[in-house]
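# Coordinates in review
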Amino acid sequence: MDIPTLRELHPDHFARAAAIRVLAMDAVEAAKSGHPGMPMGMADVATVLFEKHLKFDAADPDWPDRDRFILSAGHGSMLLYALLHLTGYEDMTLEQIKAFRQLGSITAGHPEYGHAKGIETTTGPLGQGIANAVGFAMAEEVLRARFGKKVVDHYTYVIAGDGCLMEGISHEAIGLAGMQKLSKLIVMWDDNNISIDGEVSLSDITDQQRRFKAAGWQVLECDGHDPEDIDRALTQAKGSKKPSMIACKTHIGFGAPTKQDTAKAHGSPLGADEIAAVRKAYGWSLAPFDIPGDLLAAWQAIGSRGAEARADWQERFATLSASRQKEMVRIWAGDAPKRLASTIRALKKDVSETQPKVATRKSSEMVLAAINPVMQETIGGSADLTGSNNTLTPDLGIFSPENRKGRYVHFGIREHGMAAAMNGMALHGGVKPYGGTFLCFTDYARGAMRLSSLMGVPVTYVMTHDSIGLGEDGPTHQPVEHVAMLRATPNVNVFRPADTVETAEAWELALTSERTPSVLALTRQGLPTVRTEHKMKNLTAQGAYVLADADAKRRAVLLATGSEIEIAMKAREMLEAEGIGTRVVSMPCWELFEAQEESYRRKVLPAGPVRVAIEAGIRFGWDRWLFGERGKREKSGFIGMHGFGASAPAGDLYEHFGITPEAVVRKVKDLLEGRWAPDPRV
């Protein structure tokens with residue numbers, strides 16, 4: 001439908017949509033950067049969605065049973081900001097719209113979770129939003145099954161662009177959603193045939209509608225500028241038992257006389273002359289950022305339309321038993337159950353007494369077996385490595401279209417999709433997701449894992465097979481740089497526990513984290529219990545601590561993590577036998593140690609003794625602890641990896657790469673005798 005026809009047949013709708021369009025044009029022009037074309041093209045779709053379908057109340061943006069709206073095409077952020085401002089979200093003022101893309105504003109170039117109410121997730125890296133939405137929809141299904149339809153019954157709506165659908169993560173997300181029959185998930189595809197380089201046909205010939213159909217979705221079409229056709233498609237989508245994709249045929253830069261349907265409308269300001277021509281086409285004579293009072297009132301009425309539905313929901317919520325109300329409030333607040341701490345302490349005590357020798361992936365399974373019955377909001381899963389990651393416990397049940405009460409997800413070989421879906425689950429609220437794969441495959445999940453940190457979403461990543469200790473699978477599967485890469489990422493706690501006790505403590509910290517995701521790097525090979533004396537205190541919460549102190553005069557400090565703690569302890573025994581007093585410091589989480597008071601760090605890492613770090617990964621990052629924190633370069637050394645691994649049994653690999661107690665002893669003696677040398681490089 002063209003502009004004259006739209007203005008004639010649907011004048012009120014056109015005016016409301018035009019308000020979105022002019023705010024987008026004006027904000028991008030004022031910022032001298034941004035993407036005006038997408039908001040102009042999808043304004044009609046968004047107007048119909050917010051006016052007639054989306055269940056929300058601008059006065060209560062965090063209402064748990066609201067519909068979720070996700071702008072996966074995050075470059076079109078002014079579409080979302082305009083909608084939030086017009087519908088009356090308190091923090092999205094006109095001043096914030098005018099400050100689009102400026103330092104300190106809540107209107108960032110791409111929507112940032114936490115900056116403003118109504119921004120459900122951070123989007124911008126294309127494809128992440130649609131993949132997050134799968135997690136939102138899964139969380140809704142799980143909670144509806146648990147608490148009932150009268151208090152959990154909402155949709156997840158997504159606007160996605162061509163770029164979202166080209167990104168590989170979309171394939172993972174679409175396949176998972178189709179298999180799970182997530183009927184409360186509705187994706188509106190902005191089918192405008194334009195990307196930054198030009199027409200989509202320059203780079204892609206995919207028939208997106210057939211692609212979605214093949215993955216088990218209902219596929220619909222509409223004229224993205226005809227409000228009646230848009231309404232029809234959305235209504236039909238809500239009646240499906242499958243997830244729905246609506247192909248909305250639109251014009252990017254709708255109304256721009258020389259830039260509509262071109263890449264020039266995509267990622268640059270339109271310019272004063274073009275904007276003036278658009279205003280003329282719209283019949284819009286007002287100054288930049290001016291919205292007529294009656295039009296603003298009409299939009300604000302849309303924003304308050306959901307107040308009645310919210311009040312009805314509150315009445316239904318009040319009919320739940322007191323215990324169920326209390327439980328819903330707890331999980332929605334993200335608070336751990338009171339029994340979690342005592343459950344962890346009991347497990348630690350038992351392990352310290354029985355001292356099992358198990359892989360820390362098995363330790364994790366033992367912890368989960370104790371936690372999952374107590375913490376009913378956990379949702380576990382694995383990227384087709386359940387038996388290797390040890391992430392499934394008997395009480396969970398499998399989440400499927402037939403069993404929405406199941407709490408374990410078979411994500412398939414979709415590491416990136418799994419990580420993004422877990423972000424969506426955590427953002428939805430009411431659930432605590434964790435998922436597993438091999439540590440090496442954080443490469444596949446990296447985009448979503450970075451967003452966990454950026455958004456401050458407390459997702460737990462169970463990453464097993466954490467070093468050359470996995471053995472025969474060889475260097476393609478042996479992570480050497482991955483722990484360092486994760487430690488280099490802001491706002492993530494990387495745990496590399498040495499035994500079951502430290503693993504239990506790491507899980508307790510991960511599940512009680514409020515704004516920081518956690519990575520548990522776990523072994524394939526069995527490790528002895530090194531924490532043989534039970535401590536009520538969570539020592540892992542300190543990041544590092546003295547595991548074994550020197551008997552003789554302290555001359556060396558060995559720093560290690562995970563599987564290399566065993567090596568450090570054996571080296572200490574050998575050094576002590578020769579009269580060289582040696583302290584062993586376990587460092588399961590650098591980030592938490594760095595956060596400790598300097599006085600505590602000084603006690604753990606005093607000046608004077610030589611320091612040797614032992615870890616079956618690359619050295620990167622270790623110098624902070626070796627010759628920072630009162631250490632000296634010429635009195636420090638590293639035992640670990642300096643290149644990629646090899647295919648062989650684990651024991652042979654540790655010998656081959658020189659990660660042994662004997663090598664540690666030699667390094668300590670060399671440093672004590674002044675024979676410092678730089679580490680080899682490959």
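Everything quoted here is computed from the prediction, not taken from an experiment.

## Here's the deal with the nonpolar core
In this structure, Phe-69, Met-78, Leu-185, Met-188, Ile-246 and Tyr-282 are the most contacted members of the largest nonpolar core, which totals 141 residues. Considering every element that reaches this core, the biggest residue donor is helix H2 (residues 11–31), with 12 residues. Ignoring anything within four residues of it in the chain, the contact list for Leu-185 reads Ala-133, Val-134, Ala-137, Thr-156, Val-158, Ala-177, Trp-217, Pro-243 and Ser-244. Counting residues in hydrophobic clusters, the runner-up holds 48 residues, among them Ala-548, Trp-590, Trp-625 and Leu-671.

## Details of the pattern of salt bridges
Summed over all chains, the structure comprises 42 salt bridges. Asp-62 is paired through a salt bridge with Lys-117; the nearest N and O atoms lie 2.7 Å apart. Within this pair, whereas Asp-62 is found in the loop between helix H3 (37–53) and strand S1 (68–71), its partner Lys-117 is found in the loop between helix H5 (94–98) and helix H6 (128–147), the two being separated by 55 residues in sequence. Among the residues examined, Asp-62 registers a relative accessible area of 41% and is labelled partly exposed.

## Some remarks on the sheet that holds S1
Taken in spatial order, the 5 strands of this open sheet run S1-S2-S3-S7-S6, and their pairing is parallel. Either end of the sheet is taken by a strand with one partner, and the two such strands are S1 and strand S6 (218–223). Strand after strand, the sheet turns through a mean of 20° between neighbouring axes, direction not considered. Taken together, the 6 bridges between S6 and strand S7 (residues 244–249) define a ladder with parallel strand orientation. The residue bridging Leu-220 from the neighbouring strand is Ile-246, located in S7. In the packing of H6 onto the sheet, contacts are made with S1, strand S2 (156–160) and strand S3 (185–191), and the angle to S2 comes to roughly 170°.

## Brief notes about the side chain of Thr-122
With respect to the helices and strands, the residue Thr-122 is situated in the loop between H5 and H6. Accessibility expressed as a relative area gives 3% for Thr-122, which makes it buried. Within the local environment of Thr-122, its side chain forms a polar contact with the backbone nitrogen of Tyr-113, the two atoms lying 2.8 Å apart. Apart from residues lying up to four places away in sequence, Thr-122 is in contact with Pro-111, Glu-112, Tyr-113, Asn-132, Leu-451, Leu-454 and Met-455.

## So, the sheet that holds strand S18 (residues 636–640)
Strand order across the open sheet formed by 5 strands is S14-S16-S15-S17-S18, with mixed pairing between neighbours. With one partner strand each, in any of the chains shown, strand S14 (545–548) and S18 form the two edges of the open sheet. Strand-to-strand twist in this sheet, taken as the mean axis angle between neighbours without regard to direction, amounts to 30°. In the sheet, strand S15 (residues 554–560) pairs with strand S17 (residues 610–615) via 5 bridges, with the strands oriented parallel. Bridging from a neighbouring strand, Ala-556 pairs with Val-610 of S17.

Basis of the calculations
Residues numbered from 1 in each chain as written. Predicted model: local features only at pLDDT ≥ 70, side-chain atom pairs only at ≥ 80, totals over all residues. Heavy atoms only, no water. Core = buried A, V, L, I, M, F, W, Y, C linked by side-chain atoms within 4.5 Å. Buried < 20%, exposed > 50% of the residue type's maximum accessible area, 1.4 Å probe, protein only. Helix = DSSP H or I, 4+ residues; strand = E, 2+ residues; numbered from the N terminus. Contact = heavy atoms within 4.5 Å. Salt bridge = Lys/Arg side-chain N within 4 Å of Asp/Glu carboxyl O. Pairing = 2+ DSSP bridges. Axes fitted to C-alpha atoms, helices over the stretch in contact; angles between N-to-C directions. Polar contact = N/O pair within 3.5 Å; in protein donor to acceptor, adjacent residues only side chain to side chain.

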